[in-house]
Amino acid sequence: MRRLRIGILDIVEIPTSGVWPRVMNANLASIMPQVLAVWCERAGHLVHYSCFTGFGDPLAELPADLDLLFIGAFTQAAQFAYAVSNLFRRRGVVTVLGGPHARCYPEDAARYFDYVLGFTDRTVVEIVLGECEPHRPLGRHLSAAAQPAELVPLAERWKFVSAALRKAPAVKIVPMIGSLGCPYTCSFCIDSTVDYRPLGFEQLGADLRFLLGRMKRPIVGWHDPNFGVRFDEYLDTIEASVPPGRMRHIAESSLSLLSEPHVARLKRNGFQALLPGVESWFAMGNKSKTRQTGLDKVRQVADQVNMVLRYIPYVRTNFVFGLDVDHGPEPFELTKRFLDLSPGVFAAYSLLTAYGRAAPLNLEYERDGRVLPFPFHFLDSNQAMNVRPRNYAWPEFYDHIVDLARYSYSWRAVGRRFVATSGALRWIKALEAVSWSGRTRYHAGIRRLLDTDREARRFVDGETDVLPEYYRARIRRQLGPMYDLLPEGALTHDHLAYSKAEASRAAVQIEPGARRRPARPAEDTGIQLQA
């Protein structure tokens, strides 16, 4: 195999501005691009790694004469990634897309990349490196049967971690992970059908000890979809590897795991921020370990969150609005009540979004004709809701969203959180709230648009697939010079591709006398190939 010049671009965010993203975005670098960089180096190739945080020139750190370019992107950054791929393909570079967007929308991504990767292990990467050739007009889709059983030691990916953290001006958070998948089955989540798999605790301990030798009192950001499912093994590993007071931690977990003894132990081991998902007051009670709903659930969750806040200074809860169990003002008013009962909590809100193949529930939305063809640029669970709500008209829904956002991020609410929080994290909460207040203004603007722009209203009501000029202009403005590099047709996609693929698969299975096509060589290794 010839030695390749390989570029790896981790797109954390599209071009942006503001204090909060400038402070925090570099801390959101993904782990898998760094693992990929190590695998490529182990294979003897020359690797150029870049983490784009939304600031500066996204191409400045990548040589123009690459042989192969891997790009990792969430769906919101898909159009940005398509533009980058288009530029490098013009230069003769073979391009590869991985990450959440590649898993959710492989059919669309294959129009603009030579390879599209689902679950990615070393075997998948070796196939790409060994072949490294253009696939056009449609790229080749490769996916392992499951997520990798192991990743790489922190020591080997440290130079790539350091490269990303150099872009963090103040707070520097080291990304680590101890498990893949999730034991919960939230119907809207990309991990809902991915089996929970812990990684090796022995290697985890070695990584923690290595980190202590590189940074003074480092902050670890755990990327586990649900930290602490095997709680005692995790904490035993941390306690055996890290002396008290030498390390700080941030983790996403579930209230069902956060009993008071567990939370007290987390505090003793330096955990300073926890991010549990409540999601809904009327569903997903397993994440809160409750069968209660409505106001009873609000009170129970508030009591537990207040208990957690006595030990952990920063708690951020997530809620999803627009679910089919929601109707009327009650979900929003209950959330206000929760904020009154737990003034120290930071509440984050998401709009229900169907990310292609991310979750089986999206099939139902597509088959019911409720999924809207919003460009990927707006699919970040905030800028647009691409599922028409079952129990709300759009004006009513946005009235509630705007009202709740104003209640949550008002100066009064900021002041209450500030008083209820001690130490430096009170300033982090205040800065984050100011950042989220921009979303309030955005949602208010969308609410006005529904009354004043007939084209936009027909689009969100599903009466037309023609993209309103408001959204097209916003993409053009936010992408800047990269907009002119978009391939033809890149602003639109088949928003029903998932259900069409499933219908086609079902038809093939029941066709009398149907023959399975001959296996391609890679299938012998357990790789699933899709055209």
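Preceding block: the structure.
Residues numbered from 1 in each chain as written. Predicted model: local features only at pLDDT ≥ 70, side-chain atom pairs only at ≥ 80, totals over all residues. Heavy atoms only, no water.

1. Quick notes on the overall build of the protein chain
When you go through the protein chain residue by residue, the secondary structure sums to 19 helices and 16 strands. The C-alpha atoms of the protein chain give a radius of gyration of 23 Å, which matches the 24 Å a tight globule of 531 residues would have. By principal-axis analysis of the C-alpha atoms, the protein chain measures approximately 60 × 60 × 50 Å. Counting every position in the protein chain, which comprises 531 residues, the buried fraction comes to 58%. (Helix = DSSP H or I, 4+ residues; strand = E, 2+ residues; numbered from the N terminus. Rg over C-alpha atoms; globule rule 2.2 N^0.38 Å. Buried < 20%, exposed > 50% of the residue type's maximum accessible area, 1.4 Å probe, protein only.)

2. Notes on the side chain of His101
Within the fold, His101 resides in helix α4 (residues 100-104). Judged by its relative accessible area of 1%, His101 falls in the buried class. For His101, the side chain forms a polar contact with the side chain of Tyr82, separated by 2.9 Å. Ignoring any residue separated from it by four or fewer positions in sequence, one finds His101 in contact with Ala73, Phe74, Thr75, Ala78, Tyr82, Pro106, Ala109 and Phe376. (Polar contact = N/O pair within 3.5 Å; in protein donor to acceptor, adjacent residues only side chain to side chain. Contact = heavy atoms within 4.5 Å.)

3. Things to note about the pattern of salt bridges
Proximity of charged atoms lets side chains of opposite charge pair with each other. Evaluated as defined, the whole model comprises 28 salt bridges. As a salt-bridge pair, Lys167 and Glu61 come within 3.1 Å of each other at their nearest N and O atoms. Of this pair, Lys167 sits in the loop between α7 (154-165) and β7 (173-176) while Glu61 sits in the loop between β2 (46-52) and β3 (68-73), and the two are 106 residues apart along the sequence. Among the salt bridges present, the one from Glu239 reaches Arg265, with a minimum N-O distance of 2.9 Å. In this pair, Glu239 is assigned in helix α9 (residues 231-241) and Arg265 in helix α10 (residues 260-268), connecting sequence segments 26 residues apart. For Glu239, a relative accessible area of 36% corresponds to the partly exposed category. One connected set of salt bridges, linked through shared partners, spans Glu107, Arg357, Glu502 and Arg505. (Salt bridge = Lys/Arg side-chain N within 4 Å of Asp/Glu carboxyl O.)

4. Regarding the packing of aromatic side chains
In this structure the tally under the stated criterion is 32 aromatic pairs. When the centroid spacing of 4.6 Å and the interplanar angle of 50° are considered together, the rings of Phe227 and Tyr234 count as tilted. For the pair shown, Phe227 and Tyr234 are each scored as buried. Between Trp394 and Phe397 the ring centres are 6.3 Å apart and the planes differ by 85°, which places this aromatic pair in the edge-to-face class. Note that Trp394 and Phe397 are positioned in helix α14 (residues 394-408) at a spacing of 3 residues, about one turn of the helix. Connected via pairs of aromatic rings, a cluster forms that spans Trp281, Phe319, Phe321, Phe332, Phe338, Phe346, Tyr349, Tyr392, Trp394, Phe397, Tyr398 and Tyr409. Note that Arg91 overlies the ring of Phe88, its terminal NZ or CZ placed 4.9 Å from the centroid. (Phe/Tyr/Trp six-rings, centres within 6.5 Å; stacked < 30°, edge-to-face > 60°. Lys NZ or Arg CZ within 6 Å of the ring centre and 35° of its normal.)

5. What about the state of the cysteines?
For the structure on display, the rule yields 0 disulfides. The thiol of Cys132 is not disulfide-bonded; the next cysteine sulfur, from Cys40, is found 10 Å away. (Disulfide = S-S within 2.5 Å.)

6. Here's the deal with unusual backbone geometry
Looking along the chain, the bond that leaves Arg136 and enters Pro137 is cis, with omega of 15°. Residue placement: Pro137 occurs in the loop between α6 (122-131) and β6 (140-143). Phi angles above zero are rare outside glycine, and Glu279 is one such case at about 70°. Mapped onto the fold, Glu279 is located in strand β13 (residues 277-279). You will see that Ser381, though not glycine, has its phi angle at about 65°, which is positive.

7. Quick look at the pairing of strand β1 (residues 5-11)
Across the 7 residues of β1, 6 count as buried, placing the element largely inside the fold. Where β1 lies against β2, 7 bridges are found, and the strand directions are parallel. Looking at the pairing, Ile6 lines up with Val47 of β2. In this structure, β1 lies alongside β3, joined through 6 bridges in parallel fashion. (Pairing = 2+ DSSP bridges.)

8. Overview of the environment of Glu366
Among the structural elements, Glu366 can be located in helix α13 (residues 361-367). Judged by relative accessible area, which is 6%, Glu366 ranks as buried. With 169 residues separating them along the chain, Glu366 and Arg197 place their C-alpha atoms 30 Å apart. Not counting chain neighbours up to four residues away, the residues in contact with Glu366 comprise Val371, His495, Leu496, Ala497, Tyr498 and Ser499. Within the structure, the side chain of Glu366 is placed 2.7 Å from the side chain of Ser499, a separation counted as a polar contact.

9. Some remarks on the packing of helix α11 (residues 294-311) against helix α12 (residues 330-341)
At a closest axis distance of 9 Å, the pairing of α11 and α12 adopts a crossing angle of 30°. Viewed along their axes, α11 and α12 adopt a mutual orientation that is roughly parallel. Seen from above, α11 lies across α12 with right-handed handedness. Between α11 and α12, the contacting residues are Gly294, Leu295, Val298, Arg299, Val301, Ala302, Val305 and Asn306 on the first element and Leu334, Arg337, Phe338 and Leu341 on the second. Here the residues of the contact of α11 with α12 sort into 8 nonpolar, 2 polar and 2 charged. (Axes fitted to C-alpha atoms, helices over the stretch in contact; angles between N-to-C directions. Parallel < 35°, antiparallel > 145°, perpendicular 65-115°, else oblique. Left-handed = near helix turned anticlockwise from the far one by under 90°. Nonpolar A, V, L, I, M, F, W, Y, C, P; charged D, E, K, R; others polar.)

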